[in-house]
Structure formats: C-alpha cells, structure tokens
Amino acid sequence: MTAVAGASNGWLTDARATQSTLAQWWVLTVRLIVPSVQTGEIVTAILAPITFTASFYIPLNRVMTFAGLGFSSYAQFMAPIVILQAAAFTAVSAAFRAATDAVSGLDRRFDSMPMHPLVPAAARMSSNVFRLLIGLASAVASIYVIGFRFDGGTAHTLGFLALGLLIGIAFCLGADAIGTFTRSPEATTQMLVLPPLILGMLSTGLAPAHQFPHWVQLFVRNQPVSQFAEGMRALGGDSLGKSAPVTWSLMTPPLLWIAAIVAVSCFFIARQNLKRS
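Residues numbered from 1 in each chain as written. Predicted model: local features only at pLDDT ≥ 70, side-chain atom pairs only at ≥ 80, totals over all residues. Heavy atoms only, no water.

Asks: If you had to explain the nonpolar core to someone new, which residues and values would you point to?
Replies: The nonpolar side chains of a soluble globular protein tend to be buried, and buried together. One finds Tyr74, Met78, Ile81, Ile83 and Leu84 to be the most contacted residues of the largest nonpolar core, which totals 45 residues. Only helix 2 (41-67), helix 3 (74-103), helix 5 (119-145), helix 6 (154-182), helix 9 (224-236) and helix 10 (248-274) provide two or more residues apiece to this core. Ranked by residues supplied to this core, first place goes to helix 3 with eleven residues. Other than its neighbours up to four places away in sequence, Ile83 contacts Leu136, Ala139, Val140, Ile143, Phe160, Gly164 and Met232. By size, the runner-up hydrophobic cluster in this structure holds twelve residues, among which are Val92, Cys172, Ala175 and Leu192. (Core = buried A, V, L, I, M, F, W, Y, C linked by side-chain atoms within 4.5 Å. Buried < 20%, exposed > 50% of the residue type's maximum accessible area, 1.4 Å probe, protein only. Helix = DSSP H or I, 4+ residues; strand = E, 2+ residues; numbered from the N terminus. Contact = heavy atoms within 4.5 Å.)

Asks: Could you give an account of the packing of helix 3 against helix 9, with specific residues and numbers?
Replies: At their nearest, the axes of helix 3 and helix 9 sit 9 Å apart, and the two run at 125° to each other. Relative to helix 9, the element helix 3 is oriented oblique. The way helix 3 lies across helix 9 gives a crossing that is right-handed. Note on element contacts: helix 9 touches helix 3 through Val225, Phe228, Ala229, Met232, Arg233 and Gly236, opposite Gln76, Phe77, Pro80, Ile81, Ile83 and Leu84. (Axes fitted to C-alpha atoms, helices over the stretch in contact; angles between N-to-C directions. Parallel < 35°, antiparallel > 145°, perpendicular 65-115°, else oblique. Left-handed = near helix turned anticlockwise from the far one by under 90°.)

Asks: Give a detailed account of helix 7 (residues 185-201), specifying residues and quantitative values.
Replies: Helix length check: helix 7, at 17 residues, gives a terminal C-alpha distance of 25 Å against a target of 24 Å (1.5 Å per residue), a fit within 8%. Among all positions in helix 7, only Pro185, Thr188, Leu192 and Gly200 are buried. Looking straight down helix 7, one finds its buried side chains confined to an arc of 70°; they lie on one side. Exposed residues pointing more than 90 degrees away from the buried face of helix 7 are listed as Glu186 and Gln190. Next to the buried residues of helix 7 lie helix 3, helix 6 and helix 9. (Expected span 1.5 Å × (residues − 1). Arc of directions from axis to C-beta.)

Asks: Explain the packing of helix 3 against helix 6 residue by residue, including any values.
Replies: For the pair helix 3 and helix 6, interaxial distance at closest approach is 7 Å and the crossing angle is 25°. As the angle between them shows, helix 3 and helix 6 are arranged roughly parallel. Remark: the crossing between helix 3 and helix 6 carries right-handed chirality. Contacts between helix 3 and helix 6 involve Ile83, Leu84, Ala87, Ala88, Thr90, Ala91, Ala94, Ala95, Ala98, Ala99 and Ala102 from the former and Phe160, Gly164, Ile167, Gly168, Phe171, Cys172, Ala175, Asp176, Gly179, Thr180 and Thr182 from the latter. Residue composition of the contact of helix 3 with helix 6, grouped by class: 15 nonpolar, six polar and one charged. (Nonpolar A, V, L, I, M, F, W, Y, C, P; charged D, E, K, R; others polar.)

Asks: Before we move on, can you summarise the environment of Thr65 with the specific residues and values?
Replies: With respect to the element layout, Thr65 can be found in helix 2. Taking C-alpha positions, Thr65 is 9.8 Å from Ala75, a pair spaced ten residues apart along the chain. Those residues in contact with Thr65, other than ones at most four positions away along the chain, are Leu60 and Tyr74.

Here it is in structure tokens:
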C-alpha cells in the first residue's frame, strides 16, 4: 500500500512539474512574441522577403532569361533563394535575441528560478518559429507575384513548404547556439550577415552552376545553399517539365545538411544551458 501511495505521489509530482514547465514555456514565449508585434518587428519580417524578391528579380530577370536557364521563367528558377534568404534573415534576429539575453544577465536570472534550464531556449525557438512562419508566408506571396507557381502536385507543394520550414528551423537553432555562445549582439549580427550573402551568391540559387567559373563550380554545386535550392526547385516543379525529378538521391543531401545543423546546434544549446544549472 505504501509503495502504491509513493508511486502515486511520484506520478502527481511529475505531472505538476510538466504542467509548470509548459506554463513557464508559454509565458516566456508570449513575452517574446508580444513585443515583436508591438515594435513592428513583424512588419520587418514581412517586408524583408519582398525586398529580397525585388532585389534579385528586377536586375537579373532579363539577363538570366537571355542567358538561358532551362526553366519556364526566372521566377520559377530563383524562388528557392527567396525562401532561403527569408529563413536566414529570421536566423540573424534569433542570434541577436539569444546574445542579448546572455549578455544582459537574463539567462542567469532564469537560472536562479525553479525552471528547467532549457525552457528559455525553447521559448526563444517558439518565437523564432512564429516569425519564421510569417516570413515564409511573405516569401511565398512575393514569389507568386513575380510569376512562380507550384507545378509539382499537392504532395510536392507540401514538401516544398515543409522543406523551407525545416531549413528555417535549422538556421534558427544554429543562430541561437551562436548567439548564446558569443554573448555579443553586435559581433553575432556581423558574424551572421556575411555567410548567407556569400553562400547565396555562390550558389545555384540565382544562376546555374555552369554559368560560374570552372574553378568554383564544384563548391557551388555542393555547398548547402545549393543543395537546399535544388531540392526546393524540384519540389516546386515547372510548367515545362524542366525541373529535376524528386528522388531520394536528390533530396538526401539537403535533408542530411538539415539533420547535421540541427544535431550540432542542439548539442551546443543543451551544453551551454545545462552547464549553468
């Protein structure tokens, strides 16, 4: 009888702890989301993909169409890079927020409270996903305006959207780990601005690999941004049937890149937060 009572008390304690953790996660998530709405950060998340679309499409459309892409339109070809840049933009904001929490002492304050040490990081990720969804919705609307269309069927359309979301989550996790580690909002922001720009330009997101100098084509084809773009391009389809078929051999590299980024980021986030507890 005593053993049963002890087991019952243990179960109730675990249930209360779980409920308390969920409540803390929700409160911290709302704490991050509400100010972003009030300060206009959400407006920036909406405008950024529109800016990316205009910046890429307007100067390059005529030139790239003349050069030949093998696609029905340049909008159909370049759509993935807009999604990727929107995800990268959200990630920079995620890193800035993580670094700010670390340097301001907020993380140490949370450590002194009776909460699981990973709750603040989980709340930051929830708010990041909230902004990411808004940015991706704006990106999809933007590429639709310039002529992009989903031509791969319902399953491929859902795959396109899911892949974009997974890439964005991986980017945000990596950015959160970097921000928590550096503890410097300014250095973190500067550190994360150049890689998306360089990898975006030296990728198949804006032009096919064969249009790059021969000595850099190997890097262009195999770096992660190109792998992400090729996977999304295949899922997006093409009205002329010029997109690559969706096969495991094509989709495995981007999925492996996502898995690697998520695994490494989660390891460092857990290590940074748990060692303080």
